[in-house]
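Listed here are the chains, written in short residue letters.
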Amino acid sequence: MIAKINNFEIDLSKPIDISIPLTNTDENPIAWYIEKPVIEPVVFGDWIGKVSEGKSSTNFNNIFFNPHGHGTHTECLGHITNDFYSINQCLKQFFFFAKLITVEPEKIGDDFVITKNQIVASLSETKPEAIIIRTLPNQKDKKSRKYSNTNPPYLSEEAAIFIRESGIQHLLIDLPSVDKEHDEGKLLAHKAFWNVKDTLNLNSDARLNATITEMIFVPDEIEDGAYILNLQIASFENDASPSKPILYKIVDFRG
């Protein structure tokens, strides 16, 4: 099925899912020092909400998870502000012109960092609404990695400023955070991208409608370049929601 979004034609029958599914197994990725998600049937006395147990006509599970630590999620600036802001209120449009780039973070001291120069070179003259960053090496174990206390790569503050100043509203990355794991709460890349200068008293030019999506996975066979992004979230009134970013190849462009 061919659809037209603005002047771009995409084939809706060929979605490219770059989210990581949430499971209650040891294969689920984990960050930020928490345990794996819990998905289990409701129990009332002898009644168990699971068809295979023979006591229920339906499967009726409770799910306990953390959106920031258990897989692909999309967050708004409410993640770092004193006042409450909800991703469900900040993200009101869901289709965007996007650029997928691949970078190998540079070794700087004991860290691996995505630098401004790498972003500048990869974006070239493109002016996308969303940027999707795939990092190298791109092992499949990103889909099940245990990130806590491993000092994963991160985005430099200068790179985040450049992305913001390029007019990009949505930043997607295959890491647990755009910031350094142990950074003394500085959150330099988060603040730079959202243009948050004071988390206690939000400045008027902070970017309320900009989002960061972390812990995606983009397979090697997906080529760098331009796509249409469908950024799907659940309707949580929370700073972040589990999300399902979908890419579509651009079939045709008619200016």
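Throughout what follows, the structure given in this document is the object of discussion.

Criteria and cut-off values
- Within each chain, residues carry numbers counting from 1 in the order of the written sequence.
- Local features in this predicted model are restricted to residues of pLDDT 70 or higher, and side-chain atom pairs are both shown and tallied only at a pLDDT of 80 or more, whereas totals for entire chains, interfaces and linings draw on every residue.
- Where side-chain values are given, they derive from all heavy atoms of the structure, hydrogens and water being excluded.
- For the purposes of this entry, the term helix denotes a DSSP run of H or I that reaches at least four residues, the term strand denotes a run of E that reaches at least two, and both are numbered from the N terminus.
- Atoms considered for the radius of gyration are the C-alpha atoms alone. The globule rule reads 2.2 Å times the number of residues to the power 0.38.
- Accessibility here uses a 1.4 Å probe with only protein chains present; expressed as a share of the type maximum, an area under 20% marks a residue as buried, one over 50% as exposed, and anything in between as partly exposed.
- In what follows, residue pairs with any heavy atoms lying within 4.5 Å of each other are defined as contacts.
- Computed by Shrake-Rupley with a 1.4 Å probe, the accessible areas treat only the displayed protein chains as cover when residues are assessed.
- Charge counting treats Lys and Arg as positive and Asp and Glu as negative, with His and both chain ends excluded.
- We put the charge of a Lys on NZ, of an Arg on CZ, of an Asp on CG and of a Glu on CD.
- Pairing between two strands is assigned when DSSP locates at least 2 bridges connecting them.
- Here, the arc refers to the directions that run from the helix axis to the C-beta atoms.
- Here, the term nonpolar core denotes a set of buried Ala, Val, Leu, Ile, Met, Phe, Trp, Tyr and Cys residues that are joined through side-chain atoms within 4.5 Å.
- Polar contact is defined as a pair of N or O atoms within 3.5 Å, subject to the rule that within protein one atom must be able to donate a hydrogen and the other to accept it, and that residues adjacent in sequence are counted only when both atoms are side-chain atoms.
- Centre distance within 6.5 Å is the pairing criterion for rings of Phe, Tyr and Trp, where only the six-membered ring of Trp is used; planes under 30 degrees apart are then read as stacked, over 60 as edge-to-face, and the remainder as tilted.

Re the overall build of the protein
And then number 1: Secondary structure summary: the protein contains four helices and 17 strands in total.
And then number 2: At 19 Å, the protein has a C-alpha radius of gyration in line with the 18 Å of a compact globule built from 255 residues.
And then number 3: For the protein, the spread of C-alpha atoms along the three principal axes comes to 65 × 50 × 40 Å.
And then number 4: Counting only residues that meet the buried cut, the protein has 47% of its 255 residues in that class.
And then number 5: Within the protein, counting contacts between residues at least 6 apart in sequence, those at least 24 apart form 72% of the total.
And then number 6: Surface accessibility of the protein: about 13,000 Å² in total, with carbon and sulfur atoms responsible for 51%.
And then number 7: Side chains of the protein carry 25 positive and 36 negative charges; the gap between the two charge centres is 4 Å.

Brief notes about the sheet that holds strand E11 (residues 111-114)
And then number 1: The strand order E10-E11-E13 describes an open sheet built from three strands, whose pairing is mixed. Strands with a single pairing partner mark the edges of an open sheet, and in this sheet they are strand E10 (106-108) and strand E13 (154-155).
And then number 2: Inspection of the sheet shows E11 paired to E13 by two bridges, in the parallel sense. Looking across to E13, one finds that Ile114 is bridged to Leu155.

A short note on helix H2 (residues 116-123)
And then number 1: Of the residues making up H2, those classed as buried are Gln118, Ile119 and Leu123. Here the buried residues of H2 occupy an arc of 120° about the axis, which is enough to place them on one side. Exposed side of H2, more than 90 degrees from the buried face: Asn117 and Ala121 are the residues found there.
And then number 2: Taken together, the buried residues of H2 touch strand E9 (95-103), E10, E11, strand E12 (130-135) and helix H3 (157-165).
And then number 3: Backbone geometry just downstream of H2 places Ser124 in the positive-phi region, at approximately 55°.

Some words on the nonpolar core
And then number 1: Ile119, Ile131, Ile133, Leu155 and Leu171 are the most contacted members of the largest nonpolar core, which has 26 residues in total.
And then number 2: Considering every element that reaches this core, the biggest residue donor is helix H4 (residues 188-194), with four residues.
And then number 3: In contact with Leu171, other than residues within four places in its own chain, are Ile131, Ile133, Leu155, Ile163, Val178, Phe193, Thr211, Ile212 and Thr213.
And then number 4: By size, the runner-up hydrophobic cluster in this structure holds 19 residues, among which are Ile18, Leu100, Ile216 and Tyr227.

With respect to the environment of Thr102
And then number 1: Structurally, the position occupied by Thr102 is in strand E9.
And then number 2: Here Thr102 falls in the partly exposed class, since its relative accessible area comes to 23%.
And then number 3: The spatial distance from the C-alpha of Thr102 to the C-alpha of Val218 is 9.7 Å, given a sequence separation of 116 residues.
And then number 4: Filtering out sequence-adjacent residues up to four positions away, Thr102 remains in contact with Ser122, Arg134, Leu136 and Asp224.
And then number 5: At 2.9 Å, the side chain of Thr102 and the side chain of Arg134 are in polar contact.

Looking at the packing of aromatic side chains
And then number 1: Taken as a whole, this structure holds five aromatic pairs when the rule is applied.
And then number 2: Seen from their ring centres, Trp32 and Tyr33 are 6.2 Å apart, and the 80° between their planes marks the pair as edge-to-face.
And then number 3: Residue Trp32 is classed as partly exposed on the basis of its relative accessible area of 29%.
And then number 4: The partly exposed category is assigned to Tyr33, whose relative accessible area is 41%.
And then number 5: A centroid spacing of 6.3 Å and a plane angle of 75° characterise the contact between Phe65 and Phe236, whose relative ring orientation is edge-to-face. Linking Phe65 in the loop between strand E7 (61-64) and strand E8 (73-75) with Phe236 in the loop between strand E16 (225-233) and strand E17 (240-253), this pair joins segments that are 171 residues apart in sequence.
And then number 6: Taking the relative accessible area as the measure of exposure, Phe65 reaches 23% and is therefore partly exposed.

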